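# Structure assessment
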Amino acid sequence: MIERRATVPARCTPAVGPPSILLLDGVPQSARHARDFVREFIAYHVPGAPEDHVENAILATSEMVTNAIRYGTEPGDSLRVEIHADDVRTRIEVHDPVRRRPRSRPKSDERDRGRGLIILDALCGPHGTGWGVKDIPLGKVVWAELKTS
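Residues numbered from 1 in each chain as written. Predicted model: local features only at pLDDT ≥ 70, side-chain atom pairs only at ≥ 80, totals over all residues. Heavy atoms only, no water.

Let us look at the nonpolar core. In this structure, Ile42, Val65, Leu79 and Val81 are the most contacted members of the largest nonpolar core, which totals 31 residues. Where this core is concerned, the elements lending two or more residues are helix H1 (30–45), helix H2 (51–71), strand S2 (78–85), strand S3 (89–96), helix H3 (116–124) and strand S5 (139–147). (Core = buried A, V, L, I, M, F, W, Y, C linked by side-chain atoms within 4.5 Å. Buried < 20%, exposed > 50% of the residue type's maximum accessible area, 1.4 Å probe, protein only. Helix = DSSP H or I, 4+ residues; strand = E, 2+ residues; numbered from the N terminus.)

Let us now look at the packing of aromatic side chains. If you walk through the whole model with that rule in mind, you get one aromatic pair. Ring centres 6.4 Å apart and planes at 45° place the aromatic pair Phe37 and Phe41 in the tilted group. Residue Phe37 and its partner Phe41 are both found in helix H1; the two are separated by four residues, about one turn of the helix. (Phe/Tyr/Trp six-rings, centres within 6.5 Å; stacked < 30°, edge-to-face > 60°.)

Quick look at H1 now. Taking 1.5 Å per residue as the helical rise, H1 with its 16 residues ought to reach 22 Å, and the 22 Å between its terminal C-alpha atoms agrees with that figure. Of the positions making up H1, those classed as buried are Ser30, Ala31, Ala34, Phe37, Val38, Phe41 and Ile42. The buried residues of H1 occupy an angular sector of 115° when projected down its axis, which confines them to one face. Packing partners of the buried residues in H1 comprise strand S1 (21–25), H2, S2 and S3. (Expected span 1.5 Å × (residues − 1). Arc of directions from axis to C-beta. Contact = heavy atoms within 4.5 Å.)

Let us now look at the pairing of S3. The element S3 is extensively covered by neighbouring structure, given that seven of its eight residues are classed as buried. The pairing of S2 with S3 spans six bridges and is classified as antiparallel. Paired with Val81 across the strands is Val94, a residue of S3. From the end of S2 to the start of S3, which pair antiparallel, there are three residues. Summarising the sheet, S3 and S5 pair through eight bridges and their orientation is antiparallel. Residue pairing in the sheet places Glu93 in a bridge with Trp143 of S5. (Pairing = 2+ DSSP bridges.)

On to the pattern of salt bridges. Applying the stated criterion across every chain, the model contains seven salt bridges. Note that Arg91 is salt-bridged to Glu93, the shortest N-O span being 3.0 Å. With respect to burial, Arg91 and Glu93 carry one shared label: buried. Bridged by salt links that share partners, the residues Arg89, Arg91, Glu93 and Glu145 form one connected network. (Salt bridge = Lys/Arg side-chain N within 4 Å of Asp/Glu carboxyl O.)

With that out of the way, let us pick up the side chain of Ser30. Following the sequence through the fold, Ser30 ends up in helix H1. If near-sequence neighbours (up to four positions away) are discounted, Ser30 is found in contact with Leu24, Asp25, Val65 and Ile69.

Two numbers describe how H1 lies on H2: the axes approach to 9 Å, and their chain directions differ by 150°. With respect to H2, the axis of H1 lies roughly antiparallel. Crossing of H1 against H2: the hand is right-handed. Residue-level inspection shows Ser30, Ala31, Ala34, Arg35, Val38, Arg39 and Ile42 of H1 in contact with H2, the latter providing Glu51, Val54, Glu55, Ala57, Ile58, Thr61, Ser62, Val65, Thr66 and Ile69. Among the residues making up the contact of H1 with H2, the classes are represented as nine nonpolar, four polar and four charged. (Axes fitted to C-alpha atoms, helices over the stretch in contact; angles between N-to-C directions. Parallel < 35°, antiparallel > 145°, perpendicular 65-115°, else oblique. Left-handed = near helix turned anticlockwise from the far one by under 90°. Nonpolar A, V, L, I, M, F, W, Y, C, P; charged D, E, K, R; others polar.)

Here we take up the side chain of His95. Along the chain, His95 falls in strand S3. At 3.1 Å, the side chain of His95 forms a polar contact with the side chain of Glu93. Sequence-distant contacts of His95, defined by excluding residues within four places in its chain, comprise Leu79, Arg80, Glu82, Ile136, Lys140 and Val141. (Polar contact = N/O pair within 3.5 Å; in protein donor to acceptor, adjacent residues only side chain to side chain.)

Written out as structure tokens, the structure is:
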């Protein structure tokens, strides 16, 4: 005779506060969702963060997500935003399925785009620890780090 024991189903305790990962469709409207996500995450996890830090993190995220949508996705693709923030720094990562790396474009008064990497340089240079790109098995990650104060 086989003895059977009742088992307690595994429970998943929800994390406190907003999650650190957001999945988005590769469509222009996703940049707005990413900005809202970053604002909510920092407000919850680093409530004393200066407003200019929050705005800089939102701007960096917006630029990276916009670039991922324009140059790192095909129709039907998705992308992933991941954020880690504490009292010292905020790190934002944008994962997309294309390995093509971002590149700076020559200055032009005729184009209304092509300034995203210049903005990342300005935000993450003096105010952060930098930004970069790394390959992952299914695409790339563009990351940016900003000091909290």
